[in-house]
Every structure is written in structure tokens, then in C-alpha cells.
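Commentary on secondary and tertiary structure
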Amino acid sequence: MAQSKEQRILEFVQENAVKGDPQSVVEHIDKYCSQKEWAMNVGDEKGLILDKVFKETNPTTVLELGTYCGYSAIRMARLLKKGSRLLTVEMQPEHAAVAKPMIEFAGVQDKVKILEGATETIIPSLKSKYGVDKVDFVFIDHFKNFYASDTKLLEECGLLKKGSVLLADNIVYPGVPEFLKYVRTSGRYDCTNYPSHVQYSDELDAMEKAVFKGY
């Protein structure tokens, strides 16, 4: 047995999924997490909402806050148009150490770059260090107490433009009231709520899309 649940998920994928096929990798992560050990990927049901909003946005520059095992990064990368890129931020080295080989196994390593560290440090360095002008799409799925502060930080750093789309997971469970209050009442966003369930369960959850209106 591999040491951690995340390493076991990686092992299962490497042994059973089709190498170089991101869809197969996504399906096998879902299979493992629904049948063997629950894990905090966005999952299959909310993944379809992510797919829908992502396709509608058709982004060129994507930022993900919270990589975990690489599930959602792979899910988004398989829909990225040519010449686009996805930067995903992961604070926990043990998760980044699983996400990197997972992304490589899926064959999307040319589209996805993992940035290791805290969002409060990485977001302000995106322009200078990583050549990001504006982000078209942000998937927020990391520590819940950072949702609101990181959204404000994206604004302060001039990384959002009119039409930039933020999609946040876990709006109901465990809930992010500070973030919801901010995007719904600040006057800077047009919001849409997508009711769903916690991944691999019947527990109610939802995702929130917030489209930036401009500065």
C-alpha cells in the first residue's frame, strides 16, 4: 500500500487508466474515489458544471487555486484550446508531489504548470514572475477561509478584466459565506449559482460563478 490516500489514487490511475488520455485519468480518479476512498476532488457531478462554465468562457489564461491531486487541472486542460495555459497553485508539497506525475500521466503537462506555495505570495507575483497579464478563468477550490481574500487580491493585483470568470466550489458544504457575501453584494460581479452535491455523496453543495464587471 502506498503511504497516503493521494498516493494510492495516483497508483490506481497509473495501473488502470490509459496513459496520455486525460478523460481516462479523470474517470479512474472518480472510480477510485467513489468506490474505494472518498477524496476532495471536484468530482464527476460538479465536474460537469465546471466543464460547462469553462467551455462557455473559452479561456486562454486559466488560474486554479488548489491543485490537490490534479483532477480539476486535468479536467480543464483537456478542454483548453491550443496556445492556452493553466497555472495551478498548491500550498501543500505532498499534494503537488502527487499532482505532478498525475498531470504527466494524463499527457497535459505542456498546458499545466504547478506553482508551489501560498496564494497570498504567488498571486502578486503572477505578472512579474509568470508573465500573466489578465486571467480569463479562475477556479477556486482551496482553503475556504482564503476564497474572499484571494478574490480581493486578484482585483488589487489587476489580474481581472471585464468578463473574467470566477468559479468557486463548496459554496454550501462546507460553505464560504464571506466570499458569497462579497461577490454578491460588492457590485463588481454578476453571479450565478449552480446547485449540486458534494462529490461522491448525496450531501447538498453548489458552485458559484462570478463574472467580473470591470474596475
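As a reminder, the structure under discussion sits directly above these lines.
A quick note: this is a predicted structure, and the numbers were derived from the prediction, not measured.

Scanning the model with the defined rule gives 14 salt bridges in all. Here lysine 213 ties to aspartate 190 by a salt bridge, and the two come within 3.7 Å at their closest N and O atoms. Of this pair, lysine 213 sits in the segment after strand S7 (204–212) while aspartate 190 sits in strand S6 (residues 189–197); the two residues are 23 residues apart in sequence, bridging distant segments of the chain. According to the relative accessible area criterion, lysine 213 is partly exposed, its value standing at 39%. Salt bridges sharing partners connect three or more residues here, namely Lys46, Asp169 and Asp205.

For the rest of this paragraph, the subject is the packing of helix H2 (residues 22–35) against helix H5 (residues 93–106). Orientation of H2 relative to H5, taken along the N-to-C sense of each, is 135°, at an axis distance of 8 Å. In terms of their interaxial angle, H2 and H5 are classed as oblique. Each of Pro22, Val25 and Ile29 in H2 lies in contact with H5, whose residues at this interface are Met102, Phe105 and Ala106. Partitioned by chemical class, the residues of the contact of H2 with H5 number 6 nonpolar, no polar and no charged.

Cut-offs applied
Residues numbered from 1 in each chain as written. Predicted model: local features only at pLDDT ≥ 70, side-chain atom pairs only at ≥ 80, totals over all residues. Heavy atoms only, no water. Salt bridge = Lys/Arg side-chain N within 4 Å of Asp/Glu carboxyl O. Helix = DSSP H or I, 4+ residues; strand = E, 2+ residues; numbered from the N terminus. Buried < 20%, exposed > 50% of the residue type's maximum accessible area, 1.4 Å probe, protein only. Axes fitted to C-alpha atoms, helices over the stretch in contact; angles between N-to-C directions. Parallel < 35°, antiparallel > 145°, perpendicular 65-115°, else oblique. Contact = heavy atoms within 4.5 Å. Nonpolar A, V, L, I, M, F, W, Y, C, P; charged D, E, K, R; others polar.

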